[in-house]
Amino acid sequence: MTSKTINSIGYSYIESWVTDTSKFGKPDKEAMQAWIQDAELGGFEFDSIIEMSKFMTKTRQTETLFIPSQFFTIEDVH
């Protein structure tokens, strides 16, 4: 089993996407914690995806962000 933890580049990547995509702009610390948790738990073994509801986006459409594995620290958990 593996564990994914977002790294600092990944944090900035997600924060930038949320800021650009959300009609609310830059997320506060608590909102970012929720996005990070979704990224770390969601998606695939090494990569991840997160989605923003159409009710939160500037486009009024559900938006999806693909987060590649290089934005995570991947560790084996036994």
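What this report covers is the structure whose coordinates are included nearby.

About the thresholds
- Here the residue index of a chain counts from 1 through its sequence in written order.
- Where local features are concerned, this predicted model is filtered to residues with pLDDT of at least 70; where side-chain atom pairs are given and counted, the filter is 80 or more; whole-chain, interface and lining totals use all residues.
- Neither water nor hydrogens contribute to the side-chain values; these are computed over all heavy atoms in the structure.
- Segments assigned H or I by DSSP are reported as helices when at least four residues long, segments assigned E as strands when at least two residues long, and all are numbered from the N terminus.
- The atom set for the radius of gyration is the C-alpha atoms, and the globule formula is 2.2 Å times the number of residues raised to the power 0.38.
- For the area figures, the Shrake-Rupley method with a 1.4 Å probe applies, and any residue is considered shielded solely by the protein chains shown.
- For the charge count, each Lys or Arg is scored as positive and each Asp or Glu as negative, with His and the chain ends excluded.
- Every charge is mapped onto a representative atom, which is NZ of Lys, CZ of Arg, CG of Asp or CD of Glu.
- Under the scheme applied here, a residue whose accessible area is under 20% of the maximum for its type counts as buried, over 50% as exposed, and between as partly exposed, the area being computed with a 1.4 Å probe on protein chains only.
- An expected span of 1.5 Å times one less than the residue number is assigned to each helix.
- The arc in question is the one traced by the directions running from the helix axis out to the C-beta atoms.

As for the overall build of the protein
Point 1. Helix and strand counts for the protein stand at two helices and four strands.
Point 2. Helices (α) and strands (β) of the protein occur, in sequence order from the N terminus, as β-α-α-β-β-β.
Point 3. Relative to a compact globule of 78 residues, whose C-alpha radius of gyration would be 12 Å, the protein shows 13 Å and is just as compact.
Point 4. Along the three orthogonal principal directions, the C-alpha set of the protein runs to about 40 × 20 × 20 Å.
Point 5. Surface summary for the protein: the accessible area is close to 5300 Å², and the carbon and sulfur share equals 52%.
Point 6. Taken as two groups, the 7 positive and 12 negative side-chain charges of the protein have centres that lie 13 Å from each other.

A closer look at unusual backbone geometry
Point 1. Positive phi, normally seen in glycine, also occurs at Arg 60, with a value near 60°.
Point 2. Tracing the chain through its elements places Arg 60 in the loop between strand 2 (48-52) and strand 3 (63-67).
Point 3. Classification of Arg 60 as exposed rests on a relative accessible area of 70%.

Points about helix 1 (residues 8-21)
Point 1. Given a rise of 1.5 Å per residue, 14 residues ought to cover 20 Å, and the 20 Å separating the end C-alpha atoms of helix 1 matches this to within 8%.
Point 2. Taken residue by residue, helix 1 has Gly 10, Ile 14, Glu 15, Trp 17, Val 18 and Thr 21 as its buried positions. Buried residues of helix 1, viewed axially, fall in a sector of 165°; they line one side. Opposite its buried face, helix 1 presents the exposed residues Ser 8, Ile 9 and Asp 20, each directed more than 90 degrees away.

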